[in-house]
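If you want the building blocks of each chain, they are given just below.
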Amino acid sequence: MARFGTALRELRGAQKSAKGVSLYSRFVNRPVGRYLAAGSYALGLTPNQVTLLSAAFSFAAVAAVALAAPSWGLGIAVWAALAVGFAFDSADGQLARLRGGGSAAGEWLDHVVDAAKLTALHACVLIAFHRFPEAFGTGSQGWLLVPLGFQFAAVVTFFGGLLTEKLKPKAAPGSPAAAPSTLRAVALLPVDYGVFCLVFLLLGGGTLFRWAYAGLGAVAALFLVAFLAKWYRELSAVRR
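Bear in mind that the values here come from a model prediction, so they are computed numbers and not experimental data.

With that settled, consider the confidence of the model for the protein chain. On average, residues of the protein chain score 91 in pLDDT, and 92% of them reach the 70 mark or higher. Helix α3 (residues 47-67) holds the highest mean pLDDT among the elements of the protein chain, 97, whereas helix α1 (residues 2-12) holds the lowest, 79.

In structure tokens, the structure reads:
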């Protein structure tokens, strides 16, 4: 217990900048991840083991979406597993910093799991729309294009954001971090993965889930266009 408390205190003073982070990630996912990281540290887990725990929860939820008939109970279970997986996804990086820094292999594993999770989740929604058309009202083949479009927007946004961070010049050591913008944190809520997970609480609602999911997909597409324009503009000023 003392080991857990010590780790928790150290983690509170070693958080990443909140710049560009939505309110959900800042005030829900990161704090929960901090407790999971402290608990993992007390148990002697490595960051890679925590990443695999994140993958286990996430892919269990993904499989359930594709294989089980939609219901309100399933929706709660899927959301809970996705939310816990997302919190462990925050915990692995925090644990790595607590242990003195992560490894290139650990960062690689984390990003590969994230990319696989995003791709598989939307693919399994497509499978659910195909397997249970009566429940979701997706008898028209056109509805199967919605998860494909959402998947495209999510994956390109994920990859584009990672690549932009790699190509942008790093801030000089010791330079003050920019203050986080509350307005930006609120604006980013619709494309926060944790907020997206909430839509699965509506799985039992059939057409309600379909429209909520499609609405978030449309928002993701709009944000993708805005992000690509912003990132291209920022990188246009970088000389290599």
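Counted by the stated rule, this structure contains 18 aromatic pairs. Aromatic pair Y193 and F196: ring centres 6.2 Å apart, planes at 50 degrees, arrangement tilted. Residue Y193 and its partner F196 are both found in helix α9 (residues 193-197); the two are separated by three residues, about one turn of the helix. A ring pair is formed by F200 and F209, whose centres lie 5.5 Å apart and whose planes are at 45 degrees; its orientation type is tilted. Feature note: the residues Y24, F86, F129, F136, F150, Y193, F196, F200, F209 and Y213 constitute an aromatic cluster, connected by ring pairs. Over the ring of Y193 we find K117; its NZ or CZ atom is 4.5 Å from the centre of that ring. Looking at R210, its charged tip hangs above the ring of W143, at a distance of 4.2 Å from the centre.

Before going further, it helps to spend a moment on a nonpolar patch on the surface. Together, F27, V28 and V32 give the surface a local cluster of nonpolar side chains, amounting to about 260 Å² of exposed area. Looking at the secondary structure, you find F27 in helix α2 (residues 23-43).

About the cut-offs
Residues numbered from 1 in each chain as written. Predicted model: local features only at pLDDT ≥ 70, side-chain atom pairs only at ≥ 80, totals over all residues. Heavy atoms only, no water. pLDDT = per-residue confidence, 0-100. Helix = DSSP H or I, 4+ residues; strand = E, 2+ residues; numbered from the N terminus. Phe/Tyr/Trp six-rings, centres within 6.5 Å; stacked < 30°, edge-to-face > 60°. Lys NZ or Arg CZ within 6 Å of the ring centre and 35° of its normal. Patch = residues over 30% accessible without salt bridge, like charges linked within 9 Å, V, L, I, M, F, W, Y side chains within 5 Å. Areas by Shrake-Rupley, 256 points an atom, 1.4 Å probe, with all protein chains shown as cover. Salt bridge = Lys/Arg side-chain N within 4 Å of Asp/Glu carboxyl O.

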